[in-house]
Amino acid sequence: QDMAEVELEVRGPHTKETQDADYGQASKANSDSDDIVEVREHPARFPPSPFTLFWSGETRWRLLAAVAIVSVLALATGLAAGLSGKHSGWQQPDAPPNAFTFERFTSCLALQTAFNAKLEEGDAGDTATGASWQVSAQTNWYPLYDSDYCEYCNCSGRGDTYSGGYVQPMMANMDMDNAPQASSSESKTAGDVSGGGSGGGAQDGADDYSGTNNQVQGVDEADVIKTDGKYLFVVPRSGRELVISQVFPVESARVLSRVNLTRYNLHASDALLTDDSSVLAVIGQASLKNVAGTLYLSMAAVHLWDVTDKTAPKLTSVYEIEGSYLTARRINHLIYVVVSTWPSYGMYGQGRGVAMPNAKMASSSSSSSSSSTSSSSSLRTHAPVARTLSPSEADVELKMAVDVSPVCSCEDVSYVSNLGVSSGWVTVVAVSTSPDSMGQVKTTTHAGRGEAVMMSARYIYVSATNWDYTMLPDGEPRDGQWTVVLQFALALGSPTFSRLYTVPGSIVNQFALDEHEGHLRIATTWGDMWRDPPTSVSNVYIYDTEDGRQAGKVEGLAPGERIYAVRFAGDTGYIVTFRQVDPLFVLDLSDAAHPLVRGQLKIPGFSEYLHPISSSLLLGLGKDTEDDANGGALVLGVKLSLFDVGKPEKPVELASMIVGHRGTNSLASYDHKAFLFHPASGLLVLPMQVWERPKGNEERYSEEVVFDGAYLFYIHDQAISLYDKVSHQSDKMPKGWRWGYGNGERQIYRSVYMDANLVTISDRHVQIYDLANKAKHRDSSLNLTRPHCLAQPPEFWTNVVY
């Protein structure tokens, strides 16, 4: 008891919420500073020996005083070490040789030479430019066992309803043959349409409704659904349709139109809606082949639709650019699309031992004939190709061939001289939706790779992690992880590449990037937490966005762990790391030159997504854990944690709730757009698939799915309470773990709040739920899609029961 008192005198107040473990000293960046940021000391605790129990009187107190003096000296030593801004053993890694700088090519010849993209052998075909390209139709097949095909179509005589098999994922109108057709500005139809009524505007819409859960206020993120409070625009995850419905008022809910996007060679991923609800941008991928049939291109595509009349949307323009669509944002009437273009080495010399260069330069440079020749000079000497299409040119049925051309000249392309890995292009495309410049496009291209993307009102940041596999002198791997962040200035719809940043480590997702008051903040984890001993640490770097100089940094957080969640909120940063327990770090970033850790909290489990509820409340969504026999952690059910961060020095977990057991997951944990929180009411809605162990069965891995839908919570009075559950799943689906992923088409993946109603969306249905009465509104379930029923079950049928 007395020993415990001495320890408290040395270490200061100690509570359960602030107990420490071996997480090192986290301090502010500047190594020449004398300010103390934080020191962590956790003396080992042992039961008193029998010899100690005999000690008493003045001798005992002198000994305890000596222990206190020694502890104070040890504490002072720890403080001095903390001034360096690094934990014990952490050293700022050196940048790779010729570290990341950028320059611009001076000519196509320089571009060709810089990347040394010679082909030792290859089949020449049509050149990528100056040739005509058409749609490349492809058939995809999906397994029947995770589909509701047999609930809509005839599966009789084929054994078990959910036996394995394959069906075409063709989404059709509920009454395809008799459906009226939507119109296009130039072609006869825009796809399949059902329903009636007049569209246009959001008059009589909900007064209070939720939109996309965006990272940055004022910057709208592309998503599979968009709403204006009256109409709902859905791009089901099949990517083949656009469905427009009226969902408010509830008694008028109905599907207004369906557009078959495959007719325009589009596999859609996202959509963006203008503020006046008149233009919808549908974004995704297109597949092209040249007329000769010798070359193929994968194109990111932006389709602009006039949706003033919701019953008859009209395609106005199409822009296609070579590469893969990453993400898109909207500010006012401008849409910004980020495209990553990767090398197409498979088309040129696959299996012929061709060395992969640092960037995509390889392409055929022969004439437009289809003859086959071998040429070592068959090189691409231009940037990614693109084309603009009218609605008629985009119509697959009209089979009109349209040329492609480079998005810019060689002299306009910038590149990183030493990435250390194969690379391609990153292109930022700005598309206008203003009436006087509808469909006009401006682009900027930089050689590099794109992974996570964050956009502010002034810049787009595109990051990619690069790995240094070189060895240290002692033969150990360097553990070199370097995140390169490309910064593009928006410049009123004319994006330009401005600079790049390089930081040690890798980032977890887009929330590890943030811009605030002229500074870019980047949170990374460097090293390997699974090595023995682990080498990982986490850091935060702050840069001036005008000149690119580093303003400050915090290094050495949580040695041996990695970042699982990050959220920046004004002058404060929140970081969750994990290996066995969940430390929540609260950072004070108000002084960019002197950032520091204000406090931290260690609790079981970890958060994967952090959402500020208010200035003093933070919600964490992640997983519960328990220690295993090998010193690791077992991941269990979904965990919600409500944190009080009003006192940064002492964060507290006010409330928590655990849903399900091992296997339980929420889409919102890794897709923030699936997360719905309505601040005025405190409503929280999360897609949830719940796994539980059968009653009386405590065996590990015996869990099976018991629910698939959405959980509704309320956050009030610093508490979390479960309110209700909503599901679109059919009772006909078999139960058990082998069916645990349920019916994918009926999994709820988005929800919208509208005037005390909750709208839930799956690929098959839209349902409107009365929050006050805990009931689905009568006749408010809209059938968005259904499978295309074949004349007889598919030939690729098997009788294996999964």
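J.: Is there a simple way to explain the overall build of the protein chain in this structure?
T.: Secondary structure assignment for the protein chain yields 6 helices and 49 strands. Within the span of the protein chain, comprising 802 residues, buried residues form 55% of the whole. Taking contacts inside the protein chain between residues at least 6 apart in sequence as the whole, the part at least 24 apart equals 60%. A total of about 34,100 Å² of accessible surface is found on the protein chain, and carbon and sulfur atoms cover 50% of it.

J.: Where do I start with the nonpolar core in this structure?
T.: Generally speaking, a soluble globular protein has its nonpolar side chains buried in company with each other. Counting residues in each nonpolar core, the largest one holds 49 residues, and the members touching the most others are Ile460 and Ile575. For this core, the element with the highest residue contribution is strand E26 (residues 480-489), accounting for 5 residues. Setting aside chain neighbours within four positions, we find isoleucine 575 in contact with Ala523, Val540, Leu557, Ile563, Ala565, Val566, Pro583, Leu584, Phe585 and Leu587. With 45 residues, the next largest nonpolar core counts Val247, Val250, Ala674 and Ile768 among its residues.

J.: In this structure, what is going on with the pairing of strand E12 (residues 267-273)? I would like to understand it.
T.: The two faces of the sheet receive side chains in turn, since in a regular strand these alternate between them. E12 sits mainly inside the fold: 5 of its 7 residues count as buried. Direction of pairing for E12 relative to strand E13 (residues 279-290): antiparallel, over a ladder of 6 bridges. Counted as the bridge partner of aspartate 270 is isoleucine 283 from E13. Between E12 and E13, which follow one another and run antiparallel, lie 5 residues, and serine 277 among them has a positive phi close to 60°.

J.: Teacher, can you tell me more about empty space enclosed by the protein here?
T.: Empty space left among the atoms is revealed by rolling a probe the size of a water molecule over them. Per the stated rule, a full pass over the model turns up 5 cavities of 30 Å³ or more. The calculated volume of the largest cavity comes to roughly 100 Å³. Along the wall of the largest cavity there are 14 residues; nearest its centre are Val135, Arg387, Glu393, Ala394 and Met400. For the lining of the largest cavity, the secondary structure elements donating two or more residues are strand E3 (132-135), strand E18 (385-389) and helix H6 (391-394).

J.: Would you mind going over the pattern of salt bridges with me for this structure?
T.: In a structure, side chains of opposite charge can pair up when their charged atoms sit close to one another. Enumeration over the complete set of coordinates arrives at 18 salt bridges. Among the salt bridges present, the one from arginine 549 reaches aspartate 547, with a minimum N-O distance of 2.9 Å. Take arginine 549: its relative accessible area is 60%, and that puts it in the exposed class. Given a relative accessible area of 36%, aspartate 547 falls into the partly exposed group. For glutamate 653, the salt bridge goes to lysine 639, with nearest N and O atoms at 3.6 Å. With a gap of 14 residues between them, glutamate 653 in strand E39 (residues 652-659) and lysine 639 in strand E38 (residues 633-644) connect regions that are remote in the sequence. Among the charged side chains, a network of salt bridges with common partners joins Asp220, Lys226, Asp275 and Arg330.

J.: Can you help me understand the sheet that holds strand E40 (residues 676-678) in this one?
T.: If you trace the 4 strands from one edge of the open sheet to the other, you get E40-E41-E42-E43, paired in antiparallel fashion. Pairing within the sheet leaves two strands with one partner each, and these edge strands are E40 and strand E43 (719-726). For this sheet, the mean angle separating the axes of adjacent strands, direction not counted, is 35°. Of the pairings in the sheet, the one linking E40 to strand E41 (residues 683-692) comprises 3 bridges and is antiparallel in character. If you follow histidine 678 over to E41, its bridge partner there is leucine 683.

J.: Can you walk me through the sheet that holds strand E11 (residues 254-260) in this structure?
T.: Strand pairing in a sheet relies on backbone hydrogen bonds, with the paired strands running either antiparallel or parallel. The strand order across the open sheet formed by 4 strands is E8-E9-E10-E11, and the pairing between neighbours is antiparallel. Taken across any chain shown, the strands that pair with only one partner, and hence form the sheet edges, are strand E8 (225-227) and E11. Going from strand to strand, the sheet's axes swing by 15° on average, the running direction of each strand aside.

J.: Which parts of the structure should I look at to understand the packing of aromatic side chains?
T.: Each pair of aromatic rings is reported with the distance of its centres and the angle of its planes. Throughout the structure, instances matching the rule amount to 12 aromatic pairs. Between phenylalanine 578 and phenylalanine 606, the aromatic rings sit 4.4 Å apart at their centres with planes inclined by 40°, giving tilted as the arrangement. One end of the pair, phenylalanine 578, is in strand E33 (residues 572-578); the other, phenylalanine 606, is in strand E36 (residues 606-612), with 28 residues separating them in the sequence. Each member of the pair, phenylalanine 578 as well as phenylalanine 606, carries the same accessibility label: buried. Through pairs of rings, three or more aromatic residues link up here, namely Phe511, Tyr609 and Phe675. If you follow lysine 310 out to its NZ or CZ, it ends over the ring of tyrosine 231, 4.9 Å from the centre. Seen from the ring of tyrosine 564, arginine 562 lies directly overhead, with NZ or CZ sitting 3.8 Å from the centre.

J.: Is there a simple way to explain the environment of valine 429 in this structure?
T.: Tracing the backbone through its elements, the reader meets valine 429 in strand E22 (residues 424-432). Taking the relative accessible area as the measure of exposure, valine 429 reaches 1% and is therefore buried. Counting along the chain gives 101 residues from valine 429 to alanine 328, while the straight-line C-alpha distance between them is 9.2 Å. Every residue in contact with valine 429, bar those within four places of it in the chain, is listed here: Tyr319, Ile321, Ile335, Tyr336, Val337, Val441, Lys442 and Thr443.

J.: Where do I start with the side chain of threonine 212 in this structure?
T.: Along the chain, the position of threonine 212 falls in the loop between strand E6 (171-172) and strand E7 (220-221). Take threonine 212: its relative accessible area is 19%, and that puts it in the buried class. Among the polar contacts listed, one links the side chain of threonine 212 to the side chain of lysine 226, at a separation of 2.7 Å. Ignoring sequence-local partners within four residues, the contact set of threonine 212 consists of Asp220, Glu221, Asp223, Ile225, Lys226 and Lys673.

J.: Looking at this model, I keep getting lost on the side chain of threonine 444. Mind explaining?
T.: Turning to its location among the elements, threonine 444 is positioned in strand E23 (residues 441-448). Residues in contact with threonine 444, not counting those within four places in the same chain, are Val426, Thr427, Val428, Phe488, Pro495, Thr496 and Phe497.

J.: Even after reading the chapter, I still don't get the environment of tyrosine 325, so can you show me in this structure?
T.: Mapped onto the elements of the fold, tyrosine 325 is located in strand E16 (residues 324-331). Classification of tyrosine 325 as buried rests on a relative accessible area of 11%. Considering only alpha carbons, one finds tyrosine 325 and glycine 284, 41 residues apart in sequence, at a separation of 6.3 Å. Not counting residues up to four positions away in its chain, the partners in contact with tyrosine 325 are Ala222, Ser269, Asp270, Ile283, Gly284, Gln285, Ala300, Val337 and Val338.

J.: Please explain unusual backbone geometry as it appears in this structure.
T.: Peptide bonds are, in most cases, trans, and in most cases residues other than glycine have a negative phi. In this structure, the amide linkage connecting phenylalanine 248 to the following residue, proline 249, adopts the cis form with an omega of -5°. In this structure, serine 277 takes a positive phi of about 60° despite not being glycine. You can see serine 277 is positioned in the loop between E12 and E13. Serine 277 sits in the buried class, given a relative accessible area of 2%.

J.: Even after reading the chapter, I still don't get the confidence of the model for the protein chain, so can you show me in this structure?
T.: If pLDDT is low for a region, its predicted coordinates should not be looked at in detail. Within the protein chain, residue pLDDT values average 74, and 64% of them lie at 70 or more. Note that pLDDT drops below 50 for residues 1-57; the model gives that stretch 107 contacts with residues more than four away or on any other chain. Of the regions scoring below 50 in pLDDT, residues 345-379 engages in 99 contacts with residues more than four places distant in sequence or in other chains.

What counts, and at which threshold
- Every chain is numbered on its own, with residues counted from 1 as its sequence reads.
- A pLDDT threshold of at least 70 governs which residues receive local features in this predicted model, and a stricter bar of 80 or more applies before side-chain atom pairs are shown or counted, although totals over entire chains, interfaces and linings include all residues.
- Each side-chain value is derived from all of the structure's non-hydrogen atoms; neither hydrogens nor water enter the calculation.
- Numbering of helices and strands starts at the N terminus; helices are DSSP runs of H or I of at least 4 residues and strands are runs of E of at least 2.
- The cut-offs for exposure are 20% and 50% of the maximum accessible area for each residue type, with area from a 1.4 Å probe on protein chains only; residues under the lower value are buried, those over the upper are exposed, and the others partly exposed.
- Contacts are residue-level and defined by heavy atoms, with any inter-residue pair within 4.5 Å sufficient.
- Note on areas: Shrake-Rupley, 1.4 Å probe, and residue coverage restricted to the protein chains presented here.
- Residues belong to a common nonpolar core when they are buried Ala, Val, Leu, Ile, Met, Phe, Trp, Tyr or Cys residues joined through side-chain atoms within 4.5 Å.
- Being paired, for any two strands, means DSSP has found at least two bridges between them.
- Think of a 1 Å grid over the protein atoms and nothing else: a 1.4 Å probe that fits but is trapped marks a cavity, an open set flanked by protein within 12 Å on at least five of seven lines marks a pocket, and residues with an atom within 4 Å of a point count as lining.
- Grid points are joined across faces, edges and corners, and a volume is the space filled by probe spheres set on the points.
- Within this document, salt bridges are pairs made up of a side-chain nitrogen of Lys or Arg and a carboxyl oxygen of Asp or Glu, the two lying within 4 Å of each other.
- Note on geometry: axes are lines fitted to C-alpha atoms, helical ones only across the stretch in contact, with angles between N-to-C directions running from 0 to 180 degrees.
- Two aromatic rings from Phe, Tyr or Trp, using only the six-membered ring of Trp, form a pair when their centres are within 6.5 Å; if the ring planes differ by under 30 degrees the pair is stacked, by over 60 it is edge-to-face, and anything between is tilted.
- Any Lys NZ or Arg CZ that is within 6 Å of a ring centre and within 35 degrees of that ring's normal is treated as a charge sitting over the ring.
- Pairs of N or O atoms are called polar contacts if they sit within 3.5 Å, as long as, within protein, a hydrogen donor faces a hydrogen acceptor (for residues adjacent in sequence, only side-chain-to-side-chain pairs).
- A residue's pLDDT is simply how confident the predictor is in it, with values from 0 to 100.

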